[in-house]
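# Results of the structural survey
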Amino acid sequence: MLYVISDIHGEYGMCMSLLDEIGFSRQDTLYVCGDMVDKGNESVHLLKFMLNSPNVRCILGNHEYSFLKAYWAIMKTSPENFDGVLNRLRRWFPGDGRLLDWDTVDKLEALPLFIEEEDFICVHAGLPLDGNCRIVPPQSAREAILLEDRYFMRPEVAPEGGKCVCFGHTPARYVCGEDRILAYRREGRRGNDIRDYYKIHLDTGVWLGGPLGCYCLDTCTAHYVKRS
């Protein structure tokens, strides 16, 4: 099975509970649309799991990107003091920053800004539309749009044709008043195939007290766990 998730924000325990709930195994693949870190207390623990799992594919969110920008700025001033740089980076994550190592930093730095598959695209925040209301290919979109866009989430934004876009970044409660995954179905489609949808809004507001949810791309169903 293929699953997609976004905006876990350091909630390692909830994420593990969710993976248990869906019976996630080595035969499955999980796509993570960014913002694995910050707000929660187990950001590094979560990063280590995600970045070292062969069947998990991640992209950068704006929170990972902010961390990397801080890292790059530090390296400009202290490029040879690697121990000192790592100690400064560990302070970025007050919950479990002590677990941060160079292997995790290097793997994080190597993550892409999007993943495009045959039937869907994973981005963090959204994609722009061209003059014909079709999505602009992610490789042609500006970083700021991929990481920070707040237009694509609007219900009235309905791209014509193209692949389904999976994204997060902004809690769905600001769109519909509820903490749930929003799947937007194409007109006239039955909804039992991911190609029947033009976008999947994944941010369930876990950092605001909401549940953590993921979406199965094979069955077109959402799965949730609540905070214990």
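The notes below deal with the structure included here. Computed from a predicted structure; not experimentally measured.

### A closer look at the overall build of the protein chain
The helix and strand tally for the protein chain stands at 7 helices and 10 strands. Computed over the C-alpha atoms, the radius of gyration of the protein chain is 17 Å, within 12% of the 17 Å expected from 2.2 N^0.38 for a compact globule of 228 residues. Contacts spanning at least 24 positions in sequence make up 67% of the contacts within the protein chain whose residues lie at least 6 apart.

### Some remarks on the pattern of salt bridges
Counted by the stated rule, this structure contains 9 salt bridges. Close ionic contact of D103 with K107 constitutes a salt bridge, the shortest N to O distance being 3.3 Å. With D103 and K107 both in helix α5 (residues 102-109) and 4 residues apart, this pair spans about one turn of that helix. With a relative accessible area of 30%, K107 lands in the partly exposed category. As a salt-bridge pair, E178 and R180 come within 3.0 Å of each other at their nearest N and O atoms. Classification of R180 as partly exposed rests on a relative accessible area of 34%.

### Considering the side chain of S53
Structurally, S53 can be placed in the loop between α2 (43-52) and β3 (56-58). Side-chain polar atoms of S53 contact the backbone oxygen of F49, separated by 2.5 Å.

### Quick look at the side chain of T204
Its place among the elements puts T204 in the loop between β8 (197-201) and β9 (212-216). Exposure remark for T204: the relative accessible area of 1% places this residue in the buried category. Polar contacts involving the side chain of T204 include one to the main-chain carbonyl oxygen of P211, which spans 2.8 Å. Here the side chain of T204 touches G213 through a polar contact of 3.4 Å, landing on its backbone nitrogen. Apart from residues no more than four positions distant in its own chain, T204 is found in contact with D179, R180, I181, G210, P211, L212, G213 and Y224.

### Overview of the packing of α2 against α5
Remark: α2 packs on α5, axes separated minimally by 10 Å, with the N-to-C direction vectors making an angle of 60 degrees. The handedness of the crossing between α2 and α5 is left-handed. Contacts from L47, K48, L51 and N52 in α2 reach D103, T104, K107 and L108 in α5.

### Section: the sheet that holds strand β7 (residues 182-185)
With respect to topology, 5 strands assemble into an open sheet ordered β4-β5-β6-β8-β7, the strand pairing being mixed. The open sheet has two edge strands, β4 (115-116) and β7, and neither has a second partner. Where β7 meets β8, 4 bridges bridge the pair, whose relative direction is antiparallel. Bridging from a neighbouring strand, Y184 pairs with K199 of β8.

### Regarding the sheet that holds β3
Pairing in this open sheet of 5 strands is mixed, and the strands run β3-β2-β1-β9-β10 from one edge to the other. The strands lining the two open edges of the sheet, one partner per strand, are β3 and β10 (221-225). Going across the sheet, the axis of each strand differs from the next one's by a mean of 25 degrees, ignoring polarity.

### Let's talk about helix α3 (residues 62-77)
If you check α3, its first and last C-alpha atoms are 23 Å apart, about what 16 residues at 1.5 Å a residue would give, namely 22 Å. Taken together, the buried positions of α3 are occupied by N62, H63, E64, Y65, F67, L68, Y71, I74 and M75. Tucked inside the fold, the buried residues of α3 contact α4 (82-90), α5 and α6 (143-148).

### Considering the environment of R142
By the secondary structure assignment, R142 is in the loop between β5 (120-122) and α6. Between the C-alpha atoms of R142 and P128, which are 14 residues apart in sequence, the distance is 9.0 Å.

### Looking at the nonpolar core
Ranked by size, the top nonpolar core spans 55 residues in total, and within it L30, V32, M36, M50 and L212 carry the most contacts. Per element, the largest residue contribution to this core is 7 residues, and it comes from helix α1 (residues 12-22). Setting aside its immediate chain neighbours within four residues, M36 contacts I8, H9, G10, S43, L46, L47, M50, C58, I59, E64 and L111. Core analysis: the second largest hydrophobic core is formed by 17 residues, C33, I181, Y197 and L202 among them.

### Here we look at the packing of aromatic side chains
For any pair of aromatic rings, geometry is given as the distance between the ring centres together with the angle between the planes. By the definition in use, this model includes 9 aromatic pairs. Ring plane angle 85 degrees and centroid distance 6.0 Å describe the contact between Y65 and W72, whose orientation is recorded as edge-to-face. Ring geometry for F152 versus F167: centroids 5.2 Å apart, planes at 80 degrees, classification edge-to-face. Highlighted residues: F152 in the loop between α6 and β6 (164-167) and F167 in strand β6, separated in sequence by 15 residues. For F167, a relative accessible area of 0% translates into the label buried. Taken together, F67, W92 and F93 form an aromatic cluster joined through their ring pairs. Of note, K39 hangs over the ring of W207, and the distance from its end group to the ring centre comes to 4.0 Å. We note K199 situated over the ring of F152; from NZ or CZ to the ring centre the distance is 5.2 Å.

The rules we used
Residues numbered from 1 in each chain as written. Predicted model: local features only at pLDDT ≥ 70, side-chain atom pairs only at ≥ 80, totals over all residues. Heavy atoms only, no water. Helix = DSSP H or I, 4+ residues; strand = E, 2+ residues; numbered from the N terminus. Rg over C-alpha atoms; globule rule 2.2 N^0.38 Å. Contact = heavy atoms within 4.5 Å. Salt bridge = Lys/Arg side-chain N within 4 Å of Asp/Glu carboxyl O. Buried < 20%, exposed > 50% of the residue type's maximum accessible area, 1.4 Å probe, protein only. Polar contact = N/O pair within 3.5 Å; in protein donor to acceptor, adjacent residues only side chain to side chain. Axes fitted to C-alpha atoms, helices over the stretch in contact; angles between N-to-C directions. Left-handed = near helix turned anticlockwise from the far one by under 90°. Pairing = 2+ DSSP bridges. Expected span 1.5 Å × (residues − 1). Core = buried A, V, L, I, M, F, W, Y, C linked by side-chain atoms within 4.5 Å. Phe/Tyr/Trp six-rings, centres within 6.5 Å; stacked < 30°, edge-to-face > 60°. Lys NZ or Arg CZ within 6 Å of the ring centre and 35° of its normal.

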